[in-house]
Amino acid sequence: MKITVVGAGNVGATCADVLAYREVANEIVLVDIKEGFAEGKALDIWQKAPIDLYDSRTIGTTNDYSKSANSDVVVITSGLPRKPGMSRDDLINTNAGIVKSVTENVVKYSPNAIIIVVSNPLDVMTYQAHLTSKMPRTRVMGMAGILDTARYRAFLAEALNISPKDIQAMLLGGHGDTMVPLPRYTTVAGIPVTELIDKDKLNAILERTKVGGGELVKLMGTSAWYAPGSAAAQMVEAIVKDQRRIFPVCIKLEGEYGINDCYLGVPVVLGKNGVEKVIELDLNADEKVLMEASRKAVREVMDVLDKLG
Ligand SMILES: NC(=O)c1ccc[n+]([C@@H]2O[C@H](COP(=O)([O-])OP(=O)(O)OC[C@H]3O[C@@H](n4cnc5c(N)ncnc54)[C@H](O)[C@@H]3O)[C@@H](O)[C@H]2O)c1
């Protein structure tokens, strides 16, 4: 198995590191536009192998996509991260061009790859990669939901003073403030979360989750990377090992949830063909309203991309 991660910055290098450490593939290629950067990060990850005892070979390259040829999965993390005061949507002008040119190179050398987009604004960059790649929608997807649910689960674990391992959660919608958390689908070792925490506390956690990315940007002056990098690696692993795991993943909706032509996070089954199945939940009236608001917000940014041409 061969995995390429484009962008050797904070998220990309973390993703490559997790992939190597977990021996998800025997060959991992890091690509970056900054001279020597990917080579250095890859060498550092490789030099950690004798310490952490893995044998995934990690190599880096400055924009030479021939080294990524015939990758099974490609993760795209190239692009600007947010700075304090910015929304993810503010990144569209710069990142659309980057994701477009990267996708062209990816498809040229790995026409059968499955693509996972991480660059922001996530839903619209998934749209960009899908448009450029001309691949079926099941092979071009975006990572956001695993991260957003992980934040939610971490906050819950803290509030309940229990292990995050026992918390299961699902959320829908775009990767932004309009994401749609689903408390009625949140369980703690099978127990509905609503039986363990009062409504106000749960609402406060949901609100904190919605702006969870912004909280970190404020603290660090740039966006997060450990959880995002691991989340992307978890998607790669599900595909490479054909695990058929269920995750919230951004994909083009074609009628599911009554939505057409919009890229939004929904629960899917991830396996060797990419998105094996989109799972449609029976939303209640309130959840439908939130999903529609999220659709509108993403559609507006998709329209900006369409205007950019
Ligand atoms: N989807 C999510 O949940 C999520 C979470 C965190 C960050 N992000 C996004 O991921 C992206 C990367 O974040 P980061 O913190 O790693 O940023 P970073 O600045 O640390 O790394 C980005 C890297 O991309 C490289 N790059 C730029 N243009 C390139 C090109 N044309 N080809 C190859 N490489 C190129 C840069 O040289 C840099 O090394 C940002 O857009 C950020 O907003 C998304």
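Residues numbered from 1 in each chain as written. Predicted model: local features only at pLDDT ≥ 70, side-chain atom pairs only at ≥ 80, totals over all residues. Heavy atoms only, no water.

Please explain the domain arrangement of the protein as it appears in this structure.
Reports of interface size often rely on the accessible area that becomes lost once the parts have come together. Each assigned domain of the protein is listed here: domain 1 (2–142) and domain 2 (145–308). Look at where the C-alpha atoms of domain 1 and domain 2 centre, and you get two points 21 Å apart. Listed per partner, the contact involves 38 residues of domain 1 and 48 residues of domain 2. Overall, the association of domain 1 and domain 2 removes approximately 3600 Å² of surface from exposure, summing both partners, and the carbon and sulfur fraction of that is 66%. Contact with domain 2 buries surface across domain 1, with Asp 123, Tyr 127 and Arg 137 losing the most and accounting together for 20% of the total. If you look at where domain 1 meets domain 2, you find three salt bridges. Between Arg 137 and Glu 256 there is a salt bridge, and its shortest N-O distance comes to 2.8 Å. In this structure, the connection of domain 1 to domain 2 is made through 10 residue pairs in polar contact (both at pLDDT 80 or more). Looking at the side of domain 1 that touches domain 2, the elements that each hand over two or more residues are α1 (10–21), β4 (73–76), α4 (92–109), β5 (114–117), α5 (122–133) and β6 (140–142). Top contributing element to the side of domain 1 that touches domain 2 by residue count: α5, with seven residues. (Domains from an automatic or database assignment. Contact = heavy atoms within 4.5 Å. Buried area = accessible area lost by both parts, 1.4 Å probe. Salt bridge = Lys/Arg side-chain N within 4 Å of Asp/Glu carboxyl O. Polar contact = N/O pair within 3.5 Å; in protein donor to acceptor, adjacent residues only side chain to side chain. Helix = DSSP H or I, 4+ residues; strand = E, 2+ residues; numbered from the N terminus.)

I keep staring at the packing of aromatic side chains and nothing clicks. Help me out?
Both the distance between ring centres and the angle between the ring planes are used here to describe each pair of aromatic rings. Enumeration according to the criterion identifies three aromatic pairs in this entry. A centroid spacing of 6.2 Å and a plane angle of 85° characterise the contact between Tyr 21 and Tyr 54, whose relative ring orientation is edge-to-face. With a gap of 33 residues between them, Tyr 21 in helix α1 and Tyr 54 in the loop between α3 (49–52) and β3 (57–62) connect regions that are remote in the sequence. Owing to a relative accessible area of 48%, Tyr 21 belongs among the partly exposed residues under this scheme. (Phe/Tyr/Trp six-rings, centres within 6.5 Å; stacked < 30°, edge-to-face > 60°. Buried < 20%, exposed > 50% of the residue type's maximum accessible area, 1.4 Å probe, protein only.)

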